[in-house]
Amino acid sequence: MARMTEEEAFALDEKWTKTDPKIGPDGSGFLSKRKAAHMITIDSLSADYLFSKFIADHKTPAEIISEMVQERLVASQ
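**So, the overall build of the chain**
- From N to C terminus, the chain includes four helices and zero strands.
- Seen in sequence order, the chain has helices and strands lined up from the N terminus as α-α-α-α.
- The buried share among the 77 residues of the chain stands at 5%.
- Carbon and sulfur atoms provide 60% of the accessible area of the chain, an area that totals close to 7500 Å².

**Points about unusual backbone geometry**
- In the Ramachandran plot, His 58 falls in the positive-phi region, its phi being about 55° despite a non-glycine side chain.
- The residue His 58 is located in the loop between α3 (44–57) and α4 (61–76) in this model.

**Comments concerning the confidence of the model for the chain**
- Across the chain, the average pLDDT comes to 80, with 73% of residues at or above 70.
- Averaged pLDDT values for the elements of the chain fall to 57 in helix α2 (residues 30–33) and rise to 90 in α4.

**Describing α3**
- With 14 residues, α3 extends 20 Å from end C-alpha to end C-alpha; this agrees with the ideal 20 Å at 1.5 Å per step.
- The residue sitting at the N-terminus of α3 and contributing the capping side-chain oxygen is Asp 43; that oxygen lies 3.2 Å from the backbone nitrogen of Leu 45.
- Phi for His 58, located one or two positions after α3, is positive at around 55°.

**Regarding a nonpolar patch on the surface**
- A surface patch of nonpolar side chains, amounting to about 440 Å² of accessible area, comprises Ile 40, Ile 42, Ile 65, Val 69 and Leu 73.
- Secondary-structure assignment places Ile 65 in helix α4.
- A relative accessible area of 31% means that Ile 65 is categorised as partly exposed.

**Points about the packing of α3 against α4**
- Two elements in contact, α3 and α4, have axes whose closest approach is 9 Å; the angle formed by their N-to-C orientations is 105°. Relative to α4, α3 is oriented roughly perpendicular. Every residue of α4 that contacts α3 at Tyr 49, Leu 50, Lys 53 and Phe 54 is listed here: Pro 61, Ile 64, Ile 65 and Met 68.
- For the contact of α3 with α4, the per-class residue count stands at seven nonpolar, no polar and one charged.

What counts and what doesn't
- Residues numbered from 1 in each chain as written.
- Predicted model: local features only at pLDDT ≥ 70, side-chain atom pairs only at ≥ 80, totals over all residues.
- Heavy atoms only, no water.
- Helix = DSSP H or I, 4+ residues; strand = E, 2+ residues; numbered from the N terminus.
- Buried < 20%, exposed > 50% of the residue type's maximum accessible area, 1.4 Å probe, protein only.
- Areas by Shrake-Rupley, 256 points an atom, 1.4 Å probe, with all protein chains shown as cover.
- pLDDT = per-residue confidence, 0-100.
- Expected span 1.5 Å × (residues − 1).
- Polar contact = N/O pair within 3.5 Å; in protein donor to acceptor, adjacent residues only side chain to side chain.
- Patch = residues over 30% accessible without salt bridge, like charges linked within 9 Å, V, L, I, M, F, W, Y side chains within 5 Å.
- Salt bridge = Lys/Arg side-chain N within 4 Å of Asp/Glu carboxyl O.
- Axes fitted to C-alpha atoms, helices over the stretch in contact; angles between N-to-C directions.
- Parallel < 35°, antiparallel > 145°, perpendicular 65-115°, else oblique.
- Contact = heavy atoms within 4.5 Å.
- Nonpolar A, V, L, I, M, F, W, Y, C, P; charged D, E, K, R; others polar.

Quick look at the structure:
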């Protein structure tokens, strides 16, 4: 893979730091099209728990959350 020149790196940095992501109400923006881009905010205790589970179980936080939600859904039926 070719390395970027310093000039290219500065240009890329400029582009991404000064360009707002497009989120269209009709789903036309880049982030709107990606289901993986859905974001949530959690408290620090939950984040610490997820991080320790992710390290211990070798799973992503998304996989851990998915398993927890599925368990709750099964238990509620």
